[in-house]
Amino acid sequence: MILVSGMSVLLQFVAAYLSIRMIRITGKRRAWMFIAAAITLAALRRSYALIRLIFANTGNSPDTAGELFSFLTSICMVIGVAYIAPLFLSIKRSDESLRKFNIELLALSNASNAIISIESSEDIYNQICENALKLFDLKMSWIGLIQEGSYYVKPVAHAGMEEGYLSSIKVTWDDSPTGGGPVGTAIRTLTPCWMNKDDALFQIWRSKAEKYGYSSLLGVPLLIGNHCLGALAVYSSTADFFDDRKIKQFQIFANNAVAIIENTRLIEYMIYALARAAEANDDDTGSHIHRVGEYCSVIARELGLEKSFINRIRIQATLHDIGKVHTPPHILKKPGKLAAEEFETIKKHTVLGSEIIGGHHMFSMAKNIALSHHERWDGSGYPYKLKGEAIPLEGRIMNLVDQYDALRSRRPYKPAVDHETACRIILEGDGRTMPQHFDPQVLGVFKRTMPVFEEIHQKHIDSCIESSEVDKWWYFQWTDELSAGFEEIDSQHKELIALTQKLFVTVDRKESVQQVGMAIDFLRGYIVKHFQMEERYMETYGYPGMDNHKEQHQKFIEDFETHQERFYQSIVDYHIALEIKGWLYNWLINHITKTDKALGEFLRQQIARSKYLLPE
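Here the residue numbers are simple positions, counted from 1 along each chain's written sequence. Under the rules for a predicted model, residues below a pLDDT of 70 receive no local features and side-chain atom pairs below 80 are neither given nor counted, while totals for whole chains, interfaces and linings still include all residues. Hydrogens and water molecules were not included; the side-chain quantities draw on all heavy atoms of the structure.

A. Expanded view of the overall build of the chain. When helices and strands are counted, the chain shows 20 helices and five strands. When each of the 616 residues of the chain is scored for burial, the buried share is 47%. If you take every contact in the chain between residues at least 6 apart in sequence, the share linking residues at least 24 apart comes to 66%. Carbon and sulfur atoms provide 56% of the accessible area of the chain, an area that totals close to 31,100 Å². In this text, helices come from DSSP runs of H or I with a minimum length of four residues, and strands from runs of E with a minimum of two, each type numbered from the N-terminal end. Type-normalised accessible area, obtained with a 1.4 Å probe on protein chains alone, sets the label of each residue: buried when under 20%, exposed when over 50%, and partly exposed for intermediate values. Two residues qualify as a contact provided that any one of their heavy atoms is within 4.5 Å of a heavy atom in the partner residue. Note on areas: Shrake-Rupley, 1.4 Å probe, and residue coverage restricted to the protein chains presented here.

So this is what it looks like as structure tokens:
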């Protein structure tokens, strides 16, 4: 019985120790201290009784039944505390997981709330990427949007360690290898998709991912109902990083983000629609409103202003003349000098424009621009003859921008002037326009960025097509005069001209943006392959004019992409569609009849003398 009693005491001390350990697991110090104390006291009492039993010669025999009962009680104590510990440990882990999840949800909420205050889609894309990066310990995040009429996913914003990764890869959402990654799969299936870099479907990007330290990747579709705008992609340096909880959180974040994106895009769409309405009675085309926004963003950027200001002025500057919807067309289109009362009517468009825009805080910049873009630094402007810094900064920027674009544009009462003349008039004055009309700081920035203004003007050049020609059909057909005298080039030129004519018909019928976009993208793809074929011939036979020819190809592709973007942003402006057609027609005719003819003649002579074959 002495051994049984000793084991009973030992087990009670073990139970007391385990009770103390429960404090660390549960955090309930007071409760478990009392339990540990009670068990310890019981163990001490049993120890005292055991000592007496061993050393005191009382002649009393031990109570066998009591000792066995005490031993069983001690065993139950240890087992009870030992079994309850995992339960409390599980509860603790669940509580910590729930607390962490709540913190992450709060971070998601804060991230979404931060995005709500952004006022341009470009800012929103950047903010989404930055906030996604902060939610977890991530290496990089980016947003890719689906390009209308194609399977290409175009990166529009990123955050984190990108360092050229996006420019070195191609991502699509079709069934090709470039569409098999997490982004393409997420867009195609409309569900989140994650992969490790070692997954077979990620093979074509694996070496790049390893170079940048990306181990696991998640693509989350940006969904408006069943319509997918693109995807949010996030990259971690840890393998198997994206568990179900993280994926759900990113889906919640993406859902909130895409709703804000769509609302902002709708606002921008309506801004351009209103701006185009303002030009309806004027001779300006949609190019004017795109140019002034670009000009303003150049000056704002050079002034070192915040990104939010730069992006807002790029969009909201387009509403500067919205008040002209109230100006009679006969005044706007008058070919001669305006009478005094007619000029007073014109001047009212500033006040009327600010009233149309209203008082919503999101359009405060647009309202300031509409009201103050004809105010002058020296106080000689209108409607209130404000002077110096009393004019809002956005109004001062727009004042110079509008003057430059007015000088460069044809009007009923004047011809357009070239870039050099416009710059000279702004910097030196011509009597009507004087340097003192402009904020000196803005004028200084203009002086430094004049070449950029010319680039923007060429990018968004006014159409030379009259309104009566909008419904005129265009025909582009192969003739012998277009022959380069080289069979393979001529064969592809015939196909190219047929595809171009198909695009012309699609535009002339005013079919949907998607149909026009598909025709444009298909034509672009064919042209790129045609250029590659010509360049292989040039490299194989050492064509002397190869560098210049390649430069023409590259410039064409850049200009083509610019026109694509303009069309998608133009809210189906058929003047822009006609500009694209005219530019494409003229470029192809000029390139085929001059540059390609020279190449064809060279190749014909070289192949007649050479046994070389074009490599596969």
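We are not done yet, so read on.
B. Spotlight on the sheet that holds strand β1 (residues 140-146). Across the sheet, which stays open at both edges, the five strands sit in the order β2-β1-β5-β4-β3 with antiparallel pairing between neighbours. Two strands close off the open sheet at either side, each with one partner strand: β2 (153-160) and β3 (193-196). Strand-to-strand, the axes of this sheet are offset by a mean angle of 20°, without reference to chain direction. Note on geometry: axes are lines fitted to C-alpha atoms, helical ones only across the stretch in contact, with angles between N-to-C directions running from 0 to 180 degrees. Strands in contact with helix α5 (residues 182-189) are β1, β2, β3, β4 (216-224) and β5 (227-236); relative to β4, the strand with the most contacts, it is inclined by about 30°. Here, a strand pair is defined by DSSP locating no fewer than two bridges between the strands.

C. Focus on the layout of surface pockets. Cavities and pockets are found on a 1 Å grid laid over the protein atoms alone: a cavity is a set of points where a 1.4 Å probe fits but cannot escape, a pocket is an open set with protein on both sides within 12 Å along at least five of seven lines, and a lining residue has an atom within 4 Å of such a point. Grid points are joined across faces, edges and corners, and a volume is the space filled by probe spheres set on the points. Considering only enclosed or pocket space, the second largest pocket measures out at about 1,300 Å³ in volume. Lining of the second largest pocket is provided by 40 residues; of these, F343, H374, Q403, Y413 and R432 occupy positions nearest its centre. Elements with a contribution of two residues or more to the lining of the second largest pocket: α10 (329-332), α11 (340-347) and α14 (393-408). Polar here means any residue other than Ala, Val, Leu, Ile, Met, Phe, Trp, Tyr, Cys and Pro, which are nonpolar, and Asp, Glu, Lys and Arg, which are charged; Gly is therefore polar. Within the lining of the second largest pocket, the residues separate by chemical class into 15 nonpolar, 12 polar and 13 charged.

D. Here's a closer look at a nonpolar patch on the surface. A cluster of nonpolar side chains, L266, Y269 and M270, forms an exposed patch at the surface whose accessible area comes to about 310 Å². Looking at the element boundaries, L266 is found in helix α7 (residues 244-278). Surface patches are defined over residues having more than 30% relative accessible area and no salt bridge, joining like charges when they lie within 9 Å and nonpolar side chains (Val, Leu, Ile, Met, Phe, Trp, Tyr) when within 5 Å. Criterion for a salt bridge: a side-chain nitrogen of Lys or Arg within 4 Å of a carboxyl oxygen of Asp or Glu.

E. The nonpolar core, seen in detail. Ranked by size, the top nonpolar core spans 31 residues in total, and within it I299, I313, I397 and V401 carry the most contacts. Contributions of two or more residues to this core are made by α8 (286-302), α9 (307-316), α13 (364-372), α14, α15 (419-428) and α16 (440-459). Considering every element that reaches this core, the biggest residue donor is α16, with seven residues. Excluding anything up to four places from it in sequence, V401 contacts V292, Y295, C296, I299 and F453. By convention a nonpolar core is built from buried Ala, Val, Leu, Ile, Met, Phe, Trp, Tyr and Cys residues, the set being connected through side-chain atoms within 4.5 Å.

F. Representation of α14 in the model. Multiplying 1.5 Å by the residue count of a helix minus one yields the expected span of that helix. Here α14 is 16 residues long and its end C-alpha atoms lie 23 Å apart, about the 22 Å a rise of 1.5 Å per residue gives. Most of α14 sits inside the fold, with 13 of its 16 residues counted as buried.

G. The arrangement of the pairing of β4 in detail. In terms of residue burial, β4 counts as a mostly covered element, since eight of its nine residues are buried. As paired elements, β3 and β4 share four bridges and run antiparallel to each other. Across the sheet, the residue bridging to C193 is G219, located in β4. Note: β4 against β5, nine bridges, orientation antiparallel. Of the residues in β5, the one forming a bridge with S216 is S236. Here β4 hands over to β5 after two residues, with G225 in that stretch at a positive phi of 65°.

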